[in-house]
Amino acid sequence: MAGVNDFPARAVVDLGAVRGNVRALAAHAPSAQVMAVVKADAYGHGLVPAALAALEGGATWLGTAQVPEALHLRRAGVTGARILTWLYAPGAPLREAVEADVDLSVASRWALDEVVAAARTAGRTARVHLKVDTGLGRNGLMPGDLPDVLTAALAAEAEGLVRVVGVWSHLAFADDPGHPVVLQQAAVFAEAVALVEAAGARLEVRHLANSAATLTAPALHWDLVRPGIAVYGLSPVPQVGSHDRFGLVPAMTLEAQLATVKHVPAGSGVSYGHEYVVPHDTVLGVVPLGYADGLPRHASGSRDRWGGPVQVGGRRLGVAGRVCMDQVVLDLGPGAQEAAGDRVVLWGDGRDGAPTAQDWAEVAGTISYEVVTRLGARVPRTYVDTERGEPAVAAPTTSTGGAA
Ligand SMILES: *Cc1c(COP(=O)(O)O)cnc(C)c1O
């Protein structure tokens, strides 16, 4: 595989920021444990290094959507934490999950049956969290279907095959604190918990809160909070407050080297479709990152506006013209002093005027989650640790997995 420095761009992930963000989240939810959600390659930050940093920051649980993500963590030696995984289809490797001591969500009757079968084959008890659809309208047992599945689960518990350790749900409007559906879901959840406890389950954890609820709705913390985006330092409620308002630091800096810098005359069209035409003689700079690397094509510039923001030579510019598959173009201005090889920051921690993933999300009409999560596989992830004395944006010296 090519070395990190062979690619003209990189995502530099500050593991100290991840650790600090988890500490901040724990302080927002002092009565709850923290499950750091590390699905989707830790929102693009690198599954194993991010998970280890989150545990160092005080998380006691990790959450993954897919079973293979959980198994990957165990195989990488992440053994000191509980892991919950919640999204699988019939035929998933549940026996491996039980053998790897991974907690499993159950959101339908077939899922319970497969977990029970997996536990029987594995010869050990499976830990189960019953997931209730309290109003999201996505995965989860409808409250009316909960009693039957609960009865079956407790029968399997009596046989020693499963142990019902959790009841949980997910919110539809957590990013809109005060929305009436949040209160409705909270009430349905409390009823589901009461039903399960009255049936004799000895629950360890009842959990409902994602990042937004962790930061804005203490009444919903229950025993465990499940932040994802905030672990990576991005605000789940940008309309309420930016990351620093919650004591968070964006952990990922996406940077590139200028590939081409050249003078062009007034009237030159830039990039596909000439959506941007330079108004005067100027200097263009080509940044070797495009939509294949996760830059949203919706963050293209046009005649009327700049596209996604970048910082170069201390200035804030925006993408000129369309975002291409592998590259974007900047209008560096007539007197630009930049040269090929100079550093460009696409998004980072927002300090010193650097743009953030949230800024890109706003230009592209999406959410910061999508911006960081879609960072392309070919962009190398490198790791630094500002807390432990390494600069946040130094030339990378470690390869992926450096946290281990
Ligand atoms: C992704 C996810 C989370 C984390 O959500 P954030 O908004 O990123 O904090 C929590 N719980 C479930 C079920 C999820 O799918």
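Residues numbered from 1 in each chain as written. Predicted model: local features only at pLDDT ≥ 70, side-chain atom pairs only at ≥ 80, totals over all residues. Heavy atoms only, no water.

The name given to the protein chain in an unreviewed UniProt entry is Alanine racemase, and the organism recorded there is Cellulomonas wangleii. On record in UniProt, under Catalytic activity (unreviewed entry), the comment for the protein chain is "L-alanine = D-alanine". Taken from UniProt, the Sequence similarities (unreviewed entry) comment for the protein chain reads in full: "Belongs to the alanine racemase family." (UniProt positions renumbered as here; feature names shortened; annotations may be inferred.)

Colleague: So, the packing of aromatic side chains: which residues are in play, and what are the values?
Modeller: For any two aromatic rings, the description comes down to two numbers: the centre-to-centre distance and the angle of the planes. Inspection of the entire model under this criterion finds seven aromatic pairs. Between the aromatic rings of Tyr-43 and Tyr-369, the centroid separation amounts to 6.2 Å while the plane-to-plane angle is 35°, which identifies the pairing as tilted. Here Tyr-43, found in helix H2 (residues 39-43), pairs with Tyr-369, found in helix H11 (residues 368-373); they are 326 residues apart in sequence, far enough to count as distant. Residue Tyr-43 is classed as buried on the basis of its relative accessible area, which comes to 6%. Tyr-369 sits in the partly exposed class, given a relative accessible area of 28%. (Phe/Tyr/Trp six-rings, centres within 6.5 Å; stacked < 30°, edge-to-face > 60°. Helix = DSSP H or I, 4+ residues; strand = E, 2+ residues; numbered from the N terminus. Buried < 20%, exposed > 50% of the residue type's maximum accessible area, 1.4 Å probe, protein only.)

Colleague: Lay out the sheet that holds strand E11 (residues 260-264) with the relevant residues and their values.
Modeller: Sheet architecture is open: nine strands sit in the order E11-E14-E17-E16-E15-E18-E10-E1-E19, paired in mixed fashion. A single partner strand is all that each edge strand has here, and the edge strands are E11 and strand E19 (381-384). Pairwise comparison of adjacent strand axes, ignoring direction, gives a mean angle of 35° for this sheet. As paired elements, strand E1 (residues 9-14) and strand E10 (residues 252-257) share five bridges and run antiparallel to each other. Bridging across to E10, Val-12 finds its partner in Thr-253. (Pairing = 2+ DSSP bridges. Axes fitted to C-alpha atoms, helices over the stretch in contact; angles between N-to-C directions.)

Colleague: How would you sum up the site of the ligand? Please name residues and give values.
Modeller: Around the ligand sit 15 residues, and of these Lys-39, Tyr-43, Ser-211, Gly-228 and Tyr-369 come closest. In the model, an oxygen atom of the ligand is placed 2.5 Å from a nitrogen or oxygen of the Tyr-43 side chain. Within the backbone of Gly-228, an N or O atom sits 2.8 Å from an oxygen atom of the ligand. Protein contacts shield 94% of the accessible area of the ligand, which totals 390 Å² for the unbound molecule. Across the shell around the ligand, the residue classes break down as seven nonpolar, four polar and four charged. (Near = heavy atom within 4 Å. Polar contact = N/O pair within 3.5 Å; in protein donor to acceptor, adjacent residues only side chain to side chain. Areas by Shrake-Rupley, 256 points an atom, 1.4 Å probe, with all protein chains shown as cover. Nonpolar A, V, L, I, M, F, W, Y, C, P; charged D, E, K, R; others polar.)

Colleague: Lay out the domain arrangement of the protein chain with the relevant residues and their values.
Modeller: When its domains are assigned, the protein chain resolves into domain 1 (60-230) and domain 2 (252-394). Computed from C-alpha coordinates alone, the two centres of domain 1 and domain 2 are separated by 40 Å. (Domains from an automatic or database assignment.)

Colleague: Provide a residue-level description of the pattern of salt bridges, including the pertinent values.
Modeller: Applying the stated criterion to the full structure yields 27 salt bridges. Between Arg-127 and Asp-101 there is a salt bridge, and its shortest N-O distance comes to 3.2 Å. Taken together, the positions of Arg-127 in strand E6 (residues 126-131) and Asp-101 in the loop between helix H5 (94-99) and strand E5 (103-106) put the pair 26 residues apart, joining distant regions of the chain. By relative accessible area, which is 29% here, Asp-101 ends up partly exposed. Residues Arg-374 and Glu-370 are paired through a salt bridge, measuring 2.7 Å at the closest nitrogen-oxygen approach. Given a relative accessible area of 55%, Arg-374 falls into the exposed group. (Salt bridge = Lys/Arg side-chain N within 4 Å of Asp/Glu carboxyl O.)

Colleague: If you had to explain the UniProt feature "modified residue: N6-(pyridoxal phosphate)lysine" (unreviewed entry) in the protein chain to someone new, which residues and values would you point to?
Modeller: In this structure's numbering, the residues bearing the UniProt feature "modified residue: N6-(pyridoxal phosphate)lysine" (unreviewed entry) are Lys-39. Looking at the element boundaries, Lys-39 is found in helix H2. Assessed through its relative accessible area of 24%, Lys-39 is described here as partly exposed. Contacts of Lys-39, omitting those with residues within four sequence positions, involve Gly-63, Thr-64, Ala-65, Glu-69 and Trp-86. (Contact = heavy atoms within 4.5 Å.)

Colleague: Pulling in residues and values, what's your account of the side chain of Asp-349?
Modeller: Looking at the secondary structure, you find Asp-349 in the loop between strand E18 (343-347) and helix H10 (357-364). When neighbours within four sequence positions are excluded, Asp-349 is seen to be in contact with His-243, Val-249, Pro-250, Thr-253 and Thr-356.

Colleague: Got a sec to walk through the confidence of the model for the protein chain? Specific residues and values, please.
Modeller: Low pLDDT means the predicted coordinates in that region are not meant to be read closely. Mean pLDDT over the protein chain: 95, with 95% of residues reaching 70 or higher. The low-confidence segment residues 392-404 (pLDDT under 50) makes 23 contacts with residues lying over four places distant or belonging to another chain. (pLDDT = per-residue confidence, 0-100.)

Colleague: I'd like to hear about the pairing of E10, residue by residue, with values.
Modeller: Among the six residues of E10, five are classified as buried, and the element is accordingly described as predominantly covered. Pairing analysis gives four bridges linking E10 to E18, with the strands arranged antiparallel. Bridged to Leu-254 within E18 is Trp-347.

Colleague: Requested: an account of the pairing of strand E2 (residues 33-37), with residues and values cited.
Modeller: Counting buried positions over the five residues of E2 gives four, a clear majority of the element. In this sheet, strand E9 (residues 224-225) lies alongside E2 in parallel orientation, the contact comprising two bridges. Counterpart to Val-34 in the pairing with E9 is Val-225. Relative to strand E3 (residues 61-64), E2 is paired through three bridges, and the arrangement is parallel. Across the sheet, Val-37 pairs through a bridge with Gly-63, a residue of E3.

Colleague: Kindly report on the UniProt feature "active site" (unreviewed entry) in the protein chain, identifying the contributing residues and their values.
Modeller: The positions that UniProt labels "active site" (unreviewed entry) are, in the present scheme, Lys-39 and Tyr-272. The greatest C-alpha distance among the residues just named is 34.9 Å, and with 234 residues of sequence between them they are spread in space as well. With respect to the helices and strands, Tyr-272 occurs in the loop between strand E12 (269-270) and strand E13 (276-277). Given the relative accessible area of 58%, Tyr-272 is considered exposed.

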